[in-house]
Structures are given as structure tokens and as C-alpha cells.
Amino acid sequence: MIQRIQSIWFFLGALTLVLMLFLPIATKDVAGTESAVYTTGLYQTLTIKAGISLKTQSFLPLIITNIAVAFICLMNIFNYKKRSFQKRIAIISIILIGGFAFWCSIYAKKLPGGIEGASFGVGAYLPALAILFVVLGIFGINKDERLIRSAERLR
């Protein structure tokens, strides 16, 4: 049944990972040029010339990883018939999201002048939120398993 609570948690986890495509991980202002790191690439905005934004570097492997991890979280919703498999995929998702967050921090160091003095955007905290949602999904799976075990005892 797709309408279980863990399906909502897995969907919210996938949604937060998709939001990472549109929200900045870190921003830094250096000599009138604001640089921002997204999972899609490094963008520089010249504040002198009416805010023209230029994509200076593309992070294609990071984009693919972001979409793949979000897809795994989303597809885990449809494994509701196999709870143990769904739980294993959720644990693998947590590991992948952690690795993805570490990889994002490595790409954040590509800001001009390094990461010192940069302000972290909402995108830097979204992987932790996605992990929280997946953990809550695991709790929902465990709750379903306990309910089924108690129903089997009544037979």
C-alpha cells in the first residue's frame, strides 16, 4: 500500500534532494563578484553590471549523483511488498546521501578564494534533512513489521 507514512517520508527525502538542484550550497562575495556553488555548477554574478549571472563551471557528475540518489529514494516507495528489502535500500540511501553531502563539500571548496568567509546556503543543510526523512521512513517500516507480527500472533 503506497499510502503508508513511510511513503510520505521517502517522498519528502526525494523532494529535499531535488531541491538541492535549485538552492545554493555556499555563496561568497569577492571583489564585487558574488560566486555561488549549486549542485549544477559554479555561478558568478557581477554586481557591477546589473547582476548578470554566468555559469563558469559545470558539475555534471554531481548533478547525475544528485538525481540518482533522489530517484533511489523515490523508487523505494514502491517496494512496499518487500519490507526487509525496502529497509536495506533505505539504509543504502542514507549512506549514499552522506557520501553525496561529502562530495558537495568538496565541490564547495571550488569557490574563488576557498571556502573561508563563505556563507552556507540552504542547500548545505538539505542532505541532513533528507537523511532524517529516510530514518523516519525506516521507523515506519519497523512499525509495520511490528503490526504484522502482532496480527500473526492473533491467528
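**Digging into the pairing of strand S1 (residues 26–30)**
One ladder, built from 5 bridges, connects S1 with strand S2 (residues 33–37); its direction is antiparallel. By the bridge assignment for S2, Val 30 is matched with Thr 33. Following S1, the chain reverses through 2 residues before pairing antiparallel with S2; Ala 31 in that reversal takes a positive phi of roughly 50°. For S1 and strand S5 (residues 119–120), the ladder comprises 2 bridges, and the chain directions are antiparallel. Residue pairing for S5: Ala 26 is matched across the bridge by Phe 120.

**Some thoughts on helix H3 (residues 83–108)**
Under the 1.5 Å per step criterion, the end-to-end length of H3 is 37 Å for 26 residues, consistent within 8% with the ideal 38 Å. Taken as a whole, H3 has its buried residues at Gln 86, Ile 89, Ala 90, Ser 93, Ile 97, Phe 100, Cys 104, Tyr 107 and Ala 108.

**Some thoughts on the pairing of strand S3 (residues 41–46)**
Here 5 bridges tie S2 to S3, and the two strands are oriented antiparallel to one another. Within the sheet, the bridge partner assigned to Ala 36 lies in S3 and is Tyr 43. If you look at the hairpin formed by S2 and S3, you'll find 3 residues sitting between the two strands.

**A look at the nonpolar core**
General note: in soluble globular proteins, nonpolar side chains tend to be found buried as a group. The biggest cluster of nonpolar side chains holds 27 residues, and the ones touching the most others in it are Leu 17 and Ile 97. Sort the elements by how many residues they give to this core and H3 lands first, with 6 residues. If we skip the residues at most four places from it in the chain, Ile 97 touches Leu 17, Val 69, Cys 73, Pro 127, Ala 130, Ile 131 and Val 134.

**Quick look at a nonpolar patch on the surface**
Taken together, Phe 11, Leu 15, Val 18, Leu 19, Phe 22 and Leu 74 make up a surface patch of nonpolar side chains, about 520 Å² in accessible area. For the nonpolar patch, the element with the most residues is helix H1 (residues 5–19), which contributes 4 residues. With respect to the secondary-structure elements, Leu 74 resides in helix H2 (residues 60–75).

**Considerations on the environment of Ala 124**
Among the secondary structure elements, Ala 124 is positioned in the loop between S5 and helix H4 (126–154). Placed 20 residues apart in sequence, Ala 124 and Cys 104 show a C-alpha to C-alpha distance of 8.0 Å. With sequence-adjacent residues up to four places away left out, Ala 124 is seen in contact with Pro 24 and Ile 25.

**As for the pattern of salt bridges**
The final tally for this structure, using the stated rule, is 3 salt bridges. Glu 145 is paired through a salt bridge with Lys 87; the nearest N and O atoms lie 3.2 Å apart. Remark: Lys 87 occurs in helix H3 and Glu 145 occurs in helix H4; sequence separation between them is 58 residues. With relative accessibility at 16%, the residue Glu 145 sits in the buried group. Here the salt bridges share partners, and the residues they tie into one network are Lys 87, Glu 145 and Arg 149.

Parameters and conventions
Residues numbered from 1 in each chain as written. Predicted model: local features only at pLDDT ≥ 70, side-chain atom pairs only at ≥ 80, totals over all residues. Heavy atoms only, no water. Pairing = 2+ DSSP bridges. Helix = DSSP H or I, 4+ residues; strand = E, 2+ residues; numbered from the N terminus. Expected span 1.5 Å × (residues − 1). Buried < 20%, exposed > 50% of the residue type's maximum accessible area, 1.4 Å probe, protein only. Core = buried A, V, L, I, M, F, W, Y, C linked by side-chain atoms within 4.5 Å. Contact = heavy atoms within 4.5 Å. Patch = residues over 30% accessible without salt bridge, like charges linked within 9 Å, V, L, I, M, F, W, Y side chains within 5 Å. Areas by Shrake-Rupley, 256 points an atom, 1.4 Å probe, with all protein chains shown as cover. Salt bridge = Lys/Arg side-chain N within 4 Å of Asp/Glu carboxyl O.

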